[in-house]
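# An overview of the molecular structure
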Amino acid sequence: MMSSPVSVAASTSTPTFPAEPLVCDILVAGAGAAGLSVAIGLAKSGFSVICVGSTQTHPNGRTVALFEGSLRYYKALGLWPALRAHSAPLKEIRIIDATGARMPINAISFASREIGLPAFGENIENTPLVETLAGIARDLPNLRLHETLLKDIDFQSDRVEVILADGTGVTAKLIVAADGRASLARRKAGIGARTWPYPQVALTAFLDHERPHRFISTEYHTRFGPCTLVPLPPLDMHPHRSSLVWLMSEEQAKRRASLDNVLLAAEIEDQIQGSLGHLSLEEPRGFFPMSGMKVSRLTGHRIALLGEAAHVFPPLAAQGLNLSLRDSASLIECLEDARAAGHDIGAARVLASYARVRRSDIDLRTDGIDVLNRSLLSDFLPIDFLRGAGLAAFAAIGPLRRAIMREGVLPHGHLPRLMRQPVDAVTNSSCP
Ligand SMILES: Cc1cc2nc3c(=O)[nH]c(=O)nc-3n(C[C@H](O)[C@H](O)[C@H](O)COP(=O)(O)OP(=O)(O)OC[C@H]3O[C@@H](n4cnc5c(N)ncnc54)[C@H](O)[C@@H]3O)c2cc1C
């Protein structure tokens, strides 16, 4: 069932609120990967949606590795055919201890075929991901992409009244905050957030290399965090490409930011032990200071948080957007169920059901990544020992090994409807 398209309503009583606001079921604040993904999912489910935010992407050498659940989400919504040309499958993950620990662990490999999958997931560049989603969003009849920022929100008992930066007014039954880590919508709703810094910066870049990646993602664990190579698809005359996410200290980042591409490529080649042969850097590169964030609540009066408005952690184990798409799939399911039962989609008990299904997954990922990251940063012998023993146990004990792999690509517990259908698109990947 499809709600009526976005329309113009009668004037409201709020003096500062525009006299002729746009009306929709749901306003999504934020037009990044998380905001666009949830907006498209909600619109395809039949809600009338306005998504506000800038779709401008700033190329920065960043990719996202999307695992089974995320691929199921995009496939179920019919979005994967448009995205797959920009992606490369991840068939194996290797961990190499480059910490210089007193008890180093042997290299560990995990292969997707061990858990019956042709690949753990697909690695896709951020810019085409957001641009493709924005293009799809523009074409959906009951989704309006309004490319301006949200400025103010007034939470009324039966609706939210939103003012955009260009003066447009919008009324909605619910606001979905996907406006990133500094979320204005979250602050306007009075939802607290605790943030903390890590003494690390992530350097991101795309690399051309001499030897093929063979669809293997390799993580070199250093004392400053992992240096990770993830397969990319070929581009024009460049058959062998990978993306780099290299966590390093703030001083190292400052020094490496001043290096030219040739000198930086030599340092990367050295860090990855020449495993891909000679390499060169594509433009541009990015530097991202690392931090973490937890929110006091996932919902408030007529508002639900998702994506980086709800959780932030460093890019270890490639979990950020994967977690956000699980937020999206769960929220869509809660709202569909509420609509089917004839309930108000912005009602407190509807939003409580979303918070209930998402809280433990979010806490588990945020805390797990915090522990893993801090264990790498510490050279305290007992912590080194525990990290080494833990990784060795994962590698050696078959059932534990498979359980960890499955948990990484498709977490246990409640699976929202949009993620229940297994993916076959990975098998038919466009990559050689
Ligand atoms: C180096 C690095 C590597 C990563 N690798 C992976 C990976 O491999 N796999 C993975 O799953 N995740 C990964 N992540 C995490 C992933 O990139 C993020 O989780 C994801 O991009 C966040 O998307 P988002 O839409 O929540 O936030 P953002 O991308 O920050 O989008 C928020 C949007 O809201 C908009 N906005 C802000 N204020 C307003 C306002 N007032 N009104 C309207 N709009 C507003 C912004 O303009 C922006 O477009 C990585 C992150 C980093 C830094």
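Up top is the structure.
In short, a report on the structure. Everything numeric in this text was worked out from a predicted model, so none of it was measured.

The subject of this paragraph is the packing of aromatic side chains. If you walk through the whole model with that rule in mind, you get two aromatic pairs. The interplanar angle of 75° and the centroid separation of 6.5 Å between the aromatic rings of Trp196 and Tyr198 together place this pair among those described as edge-to-face. Take Trp196 and Tyr198: they sit in the same class, and that class is buried. The ring of Phe206 has Arg241 lying over it, and the distance from NZ or CZ to the ring centre is 5.9 Å. Over the face of the ring belonging to Phe47 we find Arg339, whose NZ or CZ atom lies 4.1 Å from the ring centre.

Turning next to the packing of helix 8 (residues 320-340) against helix 9 (residues 348-377). Two numbers describe how helix 8 lies on helix 9: the axes approach to 9 Å, and their chain directions differ by 165°. In terms of their interaxial angle, helix 8 and helix 9 are classed as roughly antiparallel. Crossing angle aside, the handedness with which helix 8 passes helix 9 is right-handed. Along the contact surface, helix 8 presents Leu323, Arg326, Asp327, Ser330, Leu331, Cys334, Leu335 and Ala338, while helix 9 presents Val350, Ser353, Tyr354, Val357, Arg358, Asp361, Ile362 and Arg365. Across the contact of helix 8 with helix 9, the residue classes break down as nine nonpolar, two polar and five charged.

That bond from Glu283 to Pro284 is cis: its omega, -10°, falls within 30 degrees of zero. Topologically, Pro284 is positioned in the loop between strand 17 (279-281) and strand 18 (286-295). Phi is positive for Asp236, close to 45°, though the residue is something other than glycine. Within the fold, Asp236 resides in the loop between strand 15 (225-232) and strand 16 (241-248). Phi angles above zero are rare outside glycine, and Ala317 is one such case at about 60°. Tracing the chain through its elements places Ala317 in the loop between strand 21 (311-312) and helix 8.

Turning our attention to the site of the ligand. Taken together, 26 residues lie near the ligand, and Arg62, Ala65, Leu150, Glu308 and Leu321 sit nearest. Interatomic distance of 3.5 Å between a backbone N/O atom of Ser54 and an oxygen atom of the ligand. Note that an oxygen atom of the ligand is positioned 2.7 Å from one of the side-chain N or O atoms of Arg62. For the ligand, whose free accessible area comes to 1,000 Å², the fraction covered by protein is 82%. Those elements that place two or more of their residues in the shell around the ligand are helix 1 (33-44), strand 4 (63-67) and helix 8. For the shell around the ligand, the per-class residue count stands at twelve nonpolar, eleven polar and three charged. Residue-level mapping places the shell around the ligand at the junction of two domains, with at least three residues from each of domain 1 (7-57 + 126-195 + 291-389) and domain 2 (63-71 + 78-124 + 198-288).

Another aspect to go through is the pattern of salt bridges. Per the stated rule, a full pass over the model turns up 24 salt bridges. Between Arg241 and Glu282 there is a salt bridge, with its nearest N and O atoms 2.8 Å apart. Remark: Glu282 occurs in the loop between strand 17 and strand 18 and Arg241 occurs in strand 16; sequence separation between them is 41 residues. Each member of the pair, Arg241 as well as Glu282, carries the same accessibility label: buried. When the shortest N-O distance is used, the salt bridge between Arg365 and Asp361 registers 3.2 Å. In this pair, Arg365 and Asp361 are both assigned in helix 9, four residues apart and thus about one turn of the helix distant. As far as the burial class goes, Arg365 and Asp361 line up, both buried. Beyond isolated ion pairs, a larger network of salt bridges with shared partners links Arg326, Asp327, Arg358, Asp361, Arg365 and Glu407.

Conventions adopted
Residues numbered from 1 in each chain as written. Predicted model: local features only at pLDDT ≥ 70, side-chain atom pairs only at ≥ 80, totals over all residues. Heavy atoms only, no water. Phe/Tyr/Trp six-rings, centres within 6.5 Å; stacked < 30°, edge-to-face > 60°. Buried < 20%, exposed > 50% of the residue type's maximum accessible area, 1.4 Å probe, protein only. Lys NZ or Arg CZ within 6 Å of the ring centre and 35° of its normal. Axes fitted to C-alpha atoms, helices over the stretch in contact; angles between N-to-C directions. Helix = DSSP H or I, 4+ residues; strand = E, 2+ residues; numbered from the N terminus. Parallel < 35°, antiparallel > 145°, perpendicular 65-115°, else oblique. Left-handed = near helix turned anticlockwise from the far one by under 90°. Contact = heavy atoms within 4.5 Å. Nonpolar A, V, L, I, M, F, W, Y, C, P; charged D, E, K, R; others polar. Near = heavy atom within 4 Å. Polar contact = N/O pair within 3.5 Å; in protein donor to acceptor, adjacent residues only side chain to side chain. Areas by Shrake-Rupley, 256 points an atom, 1.4 Å probe, with all protein chains shown as cover. Domains from an automatic or database assignment. Salt bridge = Lys/Arg side-chain N within 4 Å of Asp/Glu carboxyl O.

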